[in-house]
Structure formats: C-alpha cells, structure tokens
Amino acid sequence: KLNMDGVSAGTFAHVRPSARKKADPYCDVVIHEAAHLLHYLKPENFGLIVRRGQERFLDVRFDSRELFAFVCEAYSNVLKIDDRKARMAFAGRIRKDATSFPKHGRGQIAELVFAATQSRNGWKVIKKAVVEKRGSRSRPAGLASCSKS
C-alpha cells in the first residue's frame, strides 16, 4: 500500500479526495501535483509557441522538483491572504506549522516562501531559485528528494 496523497507522471495527475482534508494550512496537494506537471509537460504538445531552447513549460532542475512543488503549494496558500502583514506573519510560521512538509526540507521551503512573500513578484523569486539556466548544468543545493507521506 502506498501512503501518498497524489501522484503525477507525464500528462497525468491523480489526487486522493481525502487529501483535501489535511489540517495543515499550507498543504494543497492539487497545487503540488500541478506544479510537477509544469516540469513534465511540453508546450508544443498543446499547440503553444515554444521559445528557443525551451523543452518544458518550466525547466526545473531535477534536484529541485520537490522543493518547487512544496513551495508552490505553500506560496499559493500564503497568497490567499489579502492583508500584507497577515500574509507575512502566515509565511513566517511555515517552519513551525507546515506539518505535511518533510522535516529535512522544511527550513528551505520556509525560507523560499518567505522571500517570495517579501518580494513584489514572488513567482519570479521561486522561478529564479529552481529553474535551470539555459546552457547551464550547475547543481546548486536543493532538496534531493522529499516524499509526501
């Protein structure tokens, strides 16, 4: 028996209905699996224009794919809060309150979400942290692997 709330591969993503009942206010398995689709799917397969050198919607470094998915789910929940001070406070509590994220990566997730929350365009902050630079194969430290259990 697999103890996972969701899984995505290729053009397929599945989320258990029970995943929507998590007590963690930062958890959103649908967003997590959708984030994985961004580094799996190819724009050309959907009739979209492809930029030179672009293979996927987002060329997320392999070692940062789980980090990217966890950050997307947490940041999307942070953005639901209208008041900036409340949003900053909510983002600041991730390390303590995000119980569904892996303990070994929670600090890195919290730092990136907080940096994105402080920024005018947080998605750019996230993208810069995890997307592979064109023509570059450097391997900055990221979450090697995280499991949603």
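For the structure given in this document, a descriptive report is provided here.

What follows concerns the nonpolar core. Counting 26 residues, the largest nonpolar core has F68, I94, F101 and V113 as the members making the most contacts within it. Broken down by secondary-structure element, the contributors of at least two residues to this core are helix 2 (65–78), helix 3 (84–92), helix 5 (106–118) and helix 6 (122–130). Among the elements that line this core, the one with the most residues is helix 2, at nine residues.

Our focus in this paragraph is the environment of T117. Mapping T117 onto the fold places it in helix 5. Taking the C-alpha atoms as reference, T117 lies 8.8 Å from R84; in sequence the two are 33 residues apart. Setting aside its immediate chain neighbours within four residues, T117 contacts Y75, V78, R84, R87, M88 and A91.

A word on the packing of helix 3 against helix 5. The geometry of helix 3 relative to helix 5 is characterised by a closest axis approach of 9 Å and an angle of 170° between their N-to-C directions. By the angle between their axes, helix 3 is roughly antiparallel relative to helix 5. The handedness of the crossing between helix 3 and helix 5 comes out as left-handed. Residue-level contacts link R84, R87, M88, A91 and G92 of helix 3 to V113, F114, T117 and Q118 of helix 5. Residues of the contact of helix 3 with helix 5, tallied by class, amount to four nonpolar, three polar and two charged.

Basis of the calculations
- Residues numbered from 1 in each chain as written.
- Predicted model: local features only at pLDDT ≥ 70, side-chain atom pairs only at ≥ 80, totals over all residues.
- Heavy atoms only, no water.
- Core = buried A, V, L, I, M, F, W, Y, C linked by side-chain atoms within 4.5 Å.
- Buried < 20%, exposed > 50% of the residue type's maximum accessible area, 1.4 Å probe, protein only.
- Helix = DSSP H or I, 4+ residues; strand = E, 2+ residues; numbered from the N terminus.
- Contact = heavy atoms within 4.5 Å.
- Axes fitted to C-alpha atoms, helices over the stretch in contact; angles between N-to-C directions.
- Parallel < 35°, antiparallel > 145°, perpendicular 65-115°, else oblique.
- Left-handed = near helix turned anticlockwise from the far one by under 90°.
- Nonpolar A, V, L, I, M, F, W, Y, C, P; charged D, E, K, R; others polar.

Geometric descriptors of this kind do not, in isolation, establish any biological role.
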